[in-house]
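Descriptive structure summary
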Amino acid sequence: MAVSTSETIAVLGAGVMGAGIARVFARAGYAVRVYDVRAEAAAGAAASADASARPMTAHDTVEAAVDGATVVLEAAPERLELKRELLARVEAANQTAVIASNTSSIPADALAAGMRDPARLVITHFFNPADTVPLVEVVPGPATPQATVERMVALLAGCGKTAVPLAQQVEGFIANRLQAALYREAMHLVELGVASPEQVDATVTAGLGPRWALAGPFEIMDLGGLDVWTSVTDGIFPSLGDASAAPAMLRERMERGELGAKTGQGFAARGPEEPAAFARRLAALLEARRAIG
Ligand SMILES: NC(=O)C1=CN([C@@H]2O[C@H](COP(=O)(O)OP(=O)(O)OC[C@H]3O[C@@H](n4cnc5c(N)ncnc54)[C@H](O)[C@@H]3O)[C@@H](O)[C@H]2O)C=CC1
Ligand SMILES: O=C(O)[C@@H](O)C(=O)[C@H](O)[C@@H](O)CO
């Protein structure tokens, strides 16, 4: 399905992710309309457009923001009922737009179940920071036409994103399942006393991370040898951590309000400038990666 910059994008929820998502579309030249229950967040996101981008507009109701939109993307909090209520308001106010969710983990069928027309739903899962990380996972819901998936992939590719369509939904999609598996083992190793969080992080930034910027797990296995990886997985799999819920070290910090950069303290003290500094360093790394090809 052809996509043109006549598309109008409404972004609902202008927090950590929504503001960056709005900038992605404005940078590509689309008309972007922003809403947030916190008017100051919508205004701030609209004002954050790059100087060279198409100016964004902030709106004080969902209905005003989605008026005339061809794509509505929600980046509201990860709470199923809140998202369902928001999607219902969108459906009532706009009967034609594609409705995309930036949910990290809510299955598409759970979101679709509350919709009048679930064929309008697709998941477009951006990564933090949304206007820096190229990847966007495009996940169909149970009634999503393939043409909608293809339209969103083309729209996102036109914005310079790397859109990866999934053949079907699964909890956490691809990247968050991979992240969750790694984070489960990282916390298991700290619980065992094998290493500190800082030491575990160093094994990623000094070893795994640079490789993964160039080659994914299947290419790495091919490069290392499938005979070796057969032995390694036979040997290691039985001893991997098998937590089926957030480990105590994560849940207890959350319950103490130690949320990381959001509050200044997580697994370590985090300054308020760290997210933006990380985004700048990540942008520089991605630029170097693009230069390598
Ligand atoms: N933070 C992250 O690293 C990532 C988050 N996500 C997902 O993106 C979504 C948004 O996450 P964040 O941006 O981190 O959350 P956030 O809490 O930073 O932003 C959510 C925004 O939604 C607003 N909001 C609350 N209720 C609303 C409503 N009914 N209608 C419109 N806006 C409303 C809030 O005022 C806030 O500004 C979630 O589904 C999350 O799982 C996806 C990828 C990465
Ligand atoms: O890492 C990301 O940006 C995404 O995979 C996410 O969805 C976030 O990790 C989210 O799950 C928690 O911040």
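Each remark here, short or long, concerns the structure printed above.
On a predicted model such as this, the values are computed, not experimentally measured, just so you know. (Residues numbered from 1 in each chain as written. Chains lettered and ligands numbered in written order. Predicted model: local features only at pLDDT ≥ 70, side-chain atom pairs only at ≥ 80, totals over all residues. Heavy atoms only, no water.)

1. Here we look at helix H12 (residues 274-292)
Between the first and last C-alpha of H12 there are 27 Å, a value that for 19 residues agrees with the 27 Å anticipated at 1.5 Å per step. Taken together, the buried positions of H12 are occupied by Ala-279, Leu-282 and Leu-286. Buried residues in H12, looked at end-on, bunch into an arc of 65°, giving them a common side. The exposed residues of H12 that point more than 90 degrees off its buried face are Arg-280, Arg-281, Leu-285, Ala-291 and Ile-292. One or two steps after H12, the chain reaches Gly-293, where phi turns positive at roughly 85°. (Helix = DSSP H or I, 4+ residues; strand = E, 2+ residues; numbered from the N terminus. Expected span 1.5 Å × (residues − 1). Buried < 20%, exposed > 50% of the residue type's maximum accessible area, 1.4 Å probe, protein only. Arc of directions from axis to C-beta.)

2. Regarding the site of ligand 2
Near ligand 2, the surroundings consist of Ser-104, His-125, Phe-127, Asn-128, Asn-176 and Gln-179. Between ligand 2 and Asn-128, the relevant distance is 2.8 Å, taken from an oxygen atom to a main-chain nitrogen or oxygen of the residue. The protein chains hide 59% of the 320 Å² of surface that ligand 2 would expose on its own. Among the residues making up the shell around ligand 2, the classes are represented as one nonpolar, five polar and no charged. (Near = heavy atom within 4 Å. Polar contact = N/O pair within 3.5 Å; in protein donor to acceptor, adjacent residues only side chain to side chain. Areas by Shrake-Rupley, 256 points an atom, 1.4 Å probe, with all protein chains shown as cover. Nonpolar A, V, L, I, M, F, W, Y, C, P; charged D, E, K, R; others polar.)

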